[in-house]
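What follows is each chain in one-letter form.
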Amino acid sequence: MRGRPGLITSYRKDISLFRTGTQRLWLVVLLLVALWLPLWMPNDWLVPAGISLFAAIGAIGLNLVTGYAGQVSLGHAFFLGIGAYTASALSTVEGPGTRGLLAYGYDMIIWLPAAGLVAALLGVIVAPVALRLKGLYLAFVTLGLVFLGQHLFQSWRELTGGAGIGRRAAELSLLGFRFDEDGEVFGVFLSDTQKIYFLGFVLLVVMALVAKNLARSRIGRAFAAIRDRDIAAEIMGIDLTRYKVIAFAISSFYAGVAGALLFTVTGFLEPNAFNLELSIFYVAMVLIGGVATISGSIMGAVFVTMLPNLIDFVSDYLPYDPATGPLNTGQLEAILFGLLIVVFLIFEPLGLYGLWIRIRNYWKAWPFSY
Amino acid sequence: MSERQRSLSAHLRGGRTEHEGPVLEFGGVHLSFGGLKVLDDVSFHVNPGELFAIIGPNGAGKTSMFNCLSGVYHPQEGTIRFLGQDILGMRPNRIAALGMARTFQNVELFEHLTVLDNLMLGRHLHLKYGAPTAAAFIGRARREELANREVVEDIIDFLEIQPFRKSFVGFLPYGVQKRVELGRALAMEPRLLLLDEPVAGMNLEETEDMARFMLDIRDELEIAIILVEHDMRMVMDLADRVLVVDFGRPVALGPPSEVQSNPDVIRAYLGEEHSVVGGGENP
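Residues numbered from 1 in each chain as written. Chains lettered and ligands numbered in written order. Predicted model: local features only at pLDDT ≥ 70, side-chain atom pairs only at ≥ 80, totals over all residues.

Visitor: What exactly am I supposed to notice about the overall build of chain A here?
Guide: When you go through chain A residue by residue, the secondary structure sums to 15 helices and six strands. C-alpha atoms of chain A, sized along the principal axes, occupy 70 × 55 × 50 Å. When burial is assessed residue by residue, chain A has 44% of its 370 residues classed as buried. Here the contacts in chain A between residues at least 6 apart in sequence split such that 75% fall between residues at least 24 apart. (Helix = DSSP H or I, 4+ residues; strand = E, 2+ residues; numbered from the N terminus. Buried ≥ 20, exposed ≤ 12 C-beta atoms within 10 Å, placed from the backbone. Contact = placed C-beta atoms within 7 Å.)

This is how it looks when you write it as structure tokens:
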């Protein structure tokens, strides 16, 4: 019996995150590959890769509230914006370039958690709407939030610089260490993009782990219960108000942190960026990645963010060239995007995560069919 | 009794605060939706360790009584006292915390979760750790998860659903789903268990199994049960007392033998004899 692969002999082992040695081995391989990639990737791949890591944090947040707790939210862009502007205002150092913008000059150790907390606070304020509305109606109200946010961002000039002008994104200075400047780290020369990538990598690992732990705890189970049968959940002793508020708070916290960092890669914030399209992008990440899965959120975020690069890459080997053809990369991306959402919803509702499970199960039994 | 069952029984009975008098008092309850009278002056009580059955034709208001009990409906008049405490107007989750659990007529399991997760959701009120501990999943969170897993495993053993532990409930056969739902209610460590048609749509073997579980729950786990069921043979075999309702009004209340011969009950179920005026004289 001992040494039989996959044999689980204790409940402690049964509830652990990675139950088998194989899983742990491949996780280490995956992490090592992710750390090795930025060392040789060209910048036009590394920039979207860095963005995708921050986007993954935001996608995990949306998946917690929409995928796990079943509260459909189209307002994610609003919370991303709140995080972005909180971070930018707190971090900017007062100077000739600030032009009367809010600028407090705090360190990253302050502005990063603050961006999450301010967004979480707004999430708590919005949550009571979810107590009265479900499904499509809730989606519509959260949609309103995006327009509200856009108006606020466009007209509050001291905070955002106003439409068409904008302001610089938060400054990545952690206790004096600059992520946004080239320099040596432990004797290795790293460019600013590489540094930002590693920052995103570490944050994503930590925040994904926290989200996974929440998802498998009594809190994640309560979310799923509310999603599947809210009345039965309440009769099981789950306080709907409490858990919906918790879901929105955690989700918005993730969005706030993601928003604060997303734009630091390009360094610039524009109020019109936080529009409905951005929300839809995040919904797409969740749908394409896999509803109610943490690893799926990451896969979805990476896939959706890297899609333009993938299209360019694939077109080198196809007879069609987006540079000269009637449809450019952006248009192709938009078309593919809609197509992918439709295809995944119909054929693989569990998204990339579902595909992965299929592949895994195939190879588990290989060379037998069953 | 198996060792598992002994441990379950000891677990569910230990730590109970003793309560004098009836588990549940349902007094003069009136419930109406607009002009529609659903419950009209219904009164009964349930004693500790009693298997109390409610029967009646479709639409008589049986499930509405359950919904009043678990706080989904709020009756306009009357009193509902559970373990001596007034629960009228309380939120469902507060009533659950007092020790009332139920199953549903149409299975209301969390279908995207496994059997284990469904049962662990029954333990929700017994898991006390908060979000910060959950985020790290060490120390208290892990300890509580493991301790409650033991209880859940005892219930899995008691209901004989070991093969389905990790299956998603949405894919399970109906009979097993009903059992899982019973397990989820038991996991709450209730003092009163409401069973809404636990054997509806089941075959003979499944019905026999369910009857055995109900007797074990009453006798060994010492949990009072209110049973709503249309399977008359089972109700008459198992119940200690039976309440018959028709059109929201109580028709009869007493031991099965008494209720069976009550003329009002027979009328409610079979209808009255009518003589047809001018019958037989066809033009």
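Moving on, there is more to tell.
Visitor: Any chance you could explain the overall build of chain B here in plain terms?
Guide: Within chain B, the secondary structure is distributed over 11 helices and 10 strands. For chain B, whose C-alpha radius of gyration is 21 Å, the value lies close to the compact-globule estimate of 19 Å for 283 residues. Dimensions along the principal axes, computed over C-alpha positions, put chain B at roughly 85 × 40 × 35 Å. In chain B, of all internal contacts separated by at least 6 residues, the share reaching a separation of at least 24 is 67%. (Rg over C-alpha atoms; globule rule 2.2 N^0.38 Å.)

Visitor: What is the right way to look at the pairing of strand 1 (residues 24-33) of chain B in this model?
Guide: Where a strand is regular, its side chains alternate between the two sheet faces. All names here are of chain B. Looking at chain direction, strand 1 and strand 4 (residues 77-82) are connected through five bridges and run antiparallel. Across the sheet, F26 pairs through a bridge with I80, a residue of strand 4. Bridge count between strand 1 and strand 2 (residues 36-46): seven bridges; the pairing is antiparallel. Along strand 2, the bridge assignment pairs L24 with V46. (Pairing = 2+ DSSP bridges.)

Visitor: Sorry if this is basic, but what is going on with the interface of chain B and chain A here?
Guide: Contact with chain B, which involves 30 residues of that partner, is made by 24 residues of chain A. Looking at the side of chain B that touches chain A, the elements with two or more residues in it are helix 3 (92-98), helix 4 (115-122), helix 5 (131-136) and helix 6 (140-158) of chain B.

Visitor: How should the environment of N275 of chain A be read in this particular structure?
Guide: Residues and elements named next belong to chain A. One can find N275 in the loop between strand 6 (268-269) and helix 12 (276-289). Note: C-alpha distance between N275 and H76 (199 residues apart in sequence) is 9.6 Å. Apart from residues no more than four positions distant in its own chain, N275 is found in contact with A77, V146 and Q150.

Visitor: So what exactly am I meant to see when it comes to the packing of helix 12 of chain A against helix 14 (residues 329-347) of chain A here?
Guide: Describing two packed helices takes the angle between their axes plus the distance from one axis to the other. All names here are of chain A. The contact between helix 12 and helix 14 brings their axes to 9 Å, and the two run at 40 degrees. On the basis of the axis angle, helix 12 is oblique to helix 14. With respect to the hand of their crossing, helix 12 and helix 14 are arranged in left-handed fashion. Residues A284, L287 and I288 of helix 12 touch helix 14, and the partners they reach there are F337, L340, I341, F344 and L345. (Axes fitted to C-alpha atoms, helices over the stretch in contact; angles between N-to-C directions. Parallel < 35°, antiparallel > 145°, perpendicular 65-115°, else oblique. Left-handed = near helix turned anticlockwise from the far one by under 90°.)

Visitor: What am I meant to see in the sheet that holds strand 7 (residues 192-196) of chain B here?
Guide: What holds strands together in a sheet is hydrogen bonding between their backbones, with the strands either parallel or antiparallel. All names here are of chain B. Spatially, the six strands line up as an open sheet ordered 6-7-8-3-9-10, and their pairing is mixed. Of all the strands in the sheet, the pair left with one neighbour each is strand 6 (100-102) and strand 10 (249-254). Strand-to-strand twist of the sheet, defined as the mean angle between neighbouring strand axes without regard to direction, takes the value 20 degrees. For strand 3 (residues 51-55) and strand 9 (residues 241-246), the ladder comprises four bridges, and the chain directions are parallel.

Visitor: Quick question: what am I supposed to make of the nonpolar core here?
Guide: Soluble globular proteins: nonpolar side chains tend toward being buried together. With 181 residues, the main nonpolar core has A56, Y254 and A258 of chain A together with I155, L192 and I225 of chain B as its most contacted residues. For A56 of chain A, the residues in contact, after removing those within four places along its chain, are L204, S297, I298, A301 and V302 of chain A. (Core = buried A, V, L, I, M, F, W, Y, C linked by C-beta atoms within 7 Å.)

Visitor: Sorry if this is basic, but what is going on with the sheet that holds strand 1 of chain B here?
Guide: All names here are of chain B. Strand order in the open sheet made by the four strands is 2-1-4-5, with antiparallel pairing throughout. Each having just a single partner strand, strand 2 and strand 5 (85-86) make up the two edges of the open sheet. Where strand 4 and strand 5 come together, two bridges link them in antiparallel fashion. Each residue of the ladder has a partner; that of F82, found in strand 5, is Q85. Strands strand 1, strand 2 and strand 4 of the sheet are contacted by helix 2 (residues 62-69), whose axis makes an angle of about 70 degrees with strand 2.

Visitor: Explain unusual backbone geometry to me, please; I cannot follow it from the model alone.
Guide: Phi is mostly negative for residues that are not glycine, and the peptide bonds are mostly trans. With omega at 10 degrees, the peptide bond leading from W366 of chain A into P367 of chain A counts as cis. Positionally, P367 of chain A belongs in the segment after helix 15 (351-365). The phi angle at L83 of chain B is positive, at roughly 50 degrees, despite the residue not being glycine. Relative to the helices and strands, L83 of chain B is located in the loop between strand 4 and strand 5. If you check the backbone angles, E189 of chain B has positive phi at about 55 degrees while not being a glycine. Counting through the fold element by element, E189 of chain B comes out in the loop between helix 7 (174-187) and strand 7. Classification of E189 of chain B as buried rests on a count of 21 C-beta atoms within 10 Å.

Visitor: What should I look at first to understand the environment of L172 of chain B in this one?
Guide: All names here are of chain B. Tracing the chain through its elements places L172 in the loop between helix 6 and helix 7. For L172, a count of 19 C-beta atoms within 10 Å translates into the label partly exposed. Each residue touching L172, except ones within four places of it in the same chain, is listed here: F164, S167, Q177 and V180.

Visitor: Can you walk me through the pairing of strand 10 of chain B in this structure?
Guide: Residues and elements named next belong to chain B. Note that strand 9 and strand 10 share five bridges and pair antiparallel. Counterpart to L243 in the pairing with strand 10 is L253. Here strand 9 folds back onto strand 10, and the loop between the two strands holds two residues, one of which, F247, carries a positive phi near 50 degrees.

Visitor: How do you make sense of the environment of R123 of chain B when you look at a structure like this?
Guide: Residues and elements named next belong to chain B. Tracing the sequence through the fold places R123 in the loop between helix 4 and helix 5. On the neighbour-count criterion, R123 (24 C-beta atoms within 10 Å) is buried. Sequence separation between R123 and A136 is 13 residues, and the spatial gap between their C-alpha atoms is 20 Å.

Visitor: What is the right way to look at helix 13 (residues 294-315) of chain A in this model?
Guide: A turn of α-helix holds 3.6 residues, and therefore any two residues three or four places apart point the same way. Residues and elements named next belong to chain A. With 22 residues, helix 13 extends 31 Å from end C-alpha to end C-alpha; this agrees with the ideal 32 Å at 1.5 Å per step. When the local axis directions of helix 13 are compared, the greatest deviation, roughly 60 degrees, occurs at L307, which is followed within four positions by the proline P308. Within helix 13 the residues assigned to the buried category are I294, G296, S297, I298, M299, G300, A301, V302, V304, T305 and L307. Of the surrounding elements, those touching the buried residues of helix 13 are helix 3 (43-68), helix 8 (192-216), helix 12, helix 14 and helix 15. (Expected span 1.5 Å × (residues − 1). Bend = angle between axes of the 7 residues up to and from the residue.)

Visitor: Where do I start with helix 4 (residues 76-91) of chain A in this structure?
Guide: Here helix 4 of chain A is 16 residues long and its end C-alpha atoms lie 23 Å apart, about the 22 Å a rise of 1.5 Å per residue gives. Most of helix 4 of chain A is tucked away: 16 of the 16 residues are buried.

Visitor: Got a minute to help me understand the packing of helix 1 (residues 3-13) of chain B against helix 6 of chain B in this structure?
Guide: All names here are of chain B. Look at helix 1 against helix 6: their axes get within 9 Å of each other, and the N-to-C directions meet at 125 degrees. One element, helix 1, and the other, helix 6, form an angle in the oblique class. Where helix 1 crosses over helix 6, the handedness of that crossing is left-handed. Taken together, the residues of helix 6 that come into contact with helix 1 (itself represented by R4, Q5, S7, L8 and H11) are V151, D154, I155, D157 and F158. For the contact of helix 1 with helix 6, a count of residues per class yields four nonpolar, three polar and three charged. (Nonpolar A, V, L, I, M, F, W, Y, C, P; charged D, E, K, R; others polar.)

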